[in-house]
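# Survey of secondary and tertiary structure
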Amino acid sequence: MLGNTNNSSANNSSVNLLHGSESNDTNCGFTDGPAEVYITIHVVTLVVSLVGNILLIAAYVRMKEIIMLPIANMAASDLLTALVLMPRLIKSEFTGSNAFLIHGDFGTFLCKMSVFLSDISLSVSTQSLVFIAIERFLAIAYPIFYRKVITVKRRCLFVALTWVISMGIHSPYFYAFRLSANHICEMNWEPAFDNESTRPRYAVFIFVTVLFLPLLTISLLYCIFCVKVRRDNMASSRSERAALRHQERSKKLQRMGIATVSAFLICWLLYIVMNVYRELSSDTDYKCSKGFMILDRISRVLASCYSAVNPCICFIFVQSFSRQLRALCRLTVCCKGS
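Throughout what follows, the structure given in this document is the object of discussion. For clarity, every value in this text was computed on a predicted model and none was experimentally measured.

Okay, the packing of helix 1 (residues 35-63) against helix 3 (residues 86-95) next. Direction vectors running N to C along helix 1 and helix 3 enclose 165 degrees, while the axes themselves pass 9 Å from each other. With respect to each other, helix 1 and helix 3 are oriented roughly antiparallel. Note on packing geometry: the crossing formed by helix 1 with helix 3 is left-handed. Note on element contacts: helix 3 touches helix 1 through Met-86, Leu-89, Ile-90, Glu-93 and Phe-94, opposite Ala-35, Tyr-38, Ile-39, His-42, Val-43, Thr-45 and Leu-46. Taken together, the residues of the contact of helix 1 with helix 3 break down into nine nonpolar, two polar and one charged.

Printed below as a string of structure tokens:
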């Protein structure tokens, strides 16, 4: 999970690769912060994510614009993250333990499904961000090519593929994750594979494919986009009014791109660094290092907030969604008044 309990180690854990570790308890002589603070953050994240992503999906249904389908797909995946992951984090903070409350075969089934669903939802979200960045880039830089290539069928196909690819990447979870003797949901590749060598390799593969490559792709696309906008070769052929519209649209997309990349970096960069170090480092002294444990907790809290960030960015920078949000608010007020 993203939020380890205050007395957990990060060393002996079998990880839920994108959402932290289910660690065995250890006594290091300190805690990494009051549970009340983390509970408050998780509850706020849960509420904002639920409300924001449901509103995004409702706005898409009202608009019925296929161009917004990738954003609605991202909202659905972030909503799944909030529903599956956040209650587990809150429960862990309340109880002070990552142990599953349900044991036996059904507990094992819940262990496998909870980590699988929470991680495929993140993968779908990052893939959706990549497709949105590609669409925005092509729409501004190569509008004719964009209209020919990005069709309704291809857009729907991509949305379906985000889920298929994500399920394929994380399908080994159904073998590797299981409940340990102390009812912790852990990853163990034995007996089919050597756990000590397979776990870090698979972890790096997941971090690279689901987090690092999408972040790199999005960053490069928006950087190229900014260069293309400054070198607008069609500026002379546009009327003054069309030029102003193009300039305003480009500025909005640039701001959205900066906000998207910045949010991704803030929420995930520290988490990636901490977990790659944990998986690859042979040094075990860090497990009771106060500085490491504090940074580790901060990285998990930032990562857990990500499902609430995307809807906020969409409502701020995508004008059609903000209009629909205002319309939904007026409709709600009118219904209450009647």
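Next comes the rest of the description.
Picture a little ball the size of a water molecule; that probe, rolled over the atoms, points out where space is still empty. Enumeration according to the criterion identifies three cavities of 30 Å³ or more in this entry. Approximately 70 Å³ is the volume found for the second largest cavity. Along the walls of the second largest cavity sit Met-74, Leu-129, Ile-132, Ala-133, Tyr-222, Met-256, Thr-260, Asn-310, Ile-313 and Cys-314, which together make up its complete lining. Breaking the lining of the second largest cavity down by element, the ones donating at least two residues are helix 4 (104-141), helix 9 (240-280) and helix 11 (306-317). Residue classes in the lining of the second largest cavity are distributed as eight nonpolar, two polar and no charged.

Moving on: the packing of helix 4 against helix 6 (residues 152-170). Where helix 4 meets helix 6, the closest approach of the two axes is 9 Å, and the angle between their N-to-C directions is 145 degrees. Here the hand of the crossing between helix 4 and helix 6 comes out right-handed. The residues of helix 6 that touch helix 4, namely those facing Phe-116, Asp-119, Ile-120, Ser-123, Val-124, Gln-127, Ser-128, Phe-131 and Glu-135, are Arg-155, Phe-158, Leu-161, Thr-162, Trp-163, Ile-165, Ser-166, Met-167 and His-170. Taken together, the residues of the contact of helix 4 with helix 6 break down into nine nonpolar, six polar and three charged.

Definitions and cut-offs
- Residues numbered from 1 in each chain as written.
- Predicted model: local features only at pLDDT ≥ 70, side-chain atom pairs only at ≥ 80, totals over all residues.
- Heavy atoms only, no water.
- Axes fitted to C-alpha atoms, helices over the stretch in contact; angles between N-to-C directions.
- Helix = DSSP H or I, 4+ residues; strand = E, 2+ residues; numbered from the N terminus.
- Parallel < 35°, antiparallel > 145°, perpendicular 65-115°, else oblique.
- Left-handed = near helix turned anticlockwise from the far one by under 90°.
- Contact = heavy atoms within 4.5 Å.
- Nonpolar A, V, L, I, M, F, W, Y, C, P; charged D, E, K, R; others polar.
- 1 Å grid on protein atoms, 1.4 Å probe; cavity = no way out; pocket = protein on both sides within 12 Å on 5 of 7 lines; lining within 4 Å.
- Points joined across faces, edges and corners; volume = space filled by probe spheres on them.

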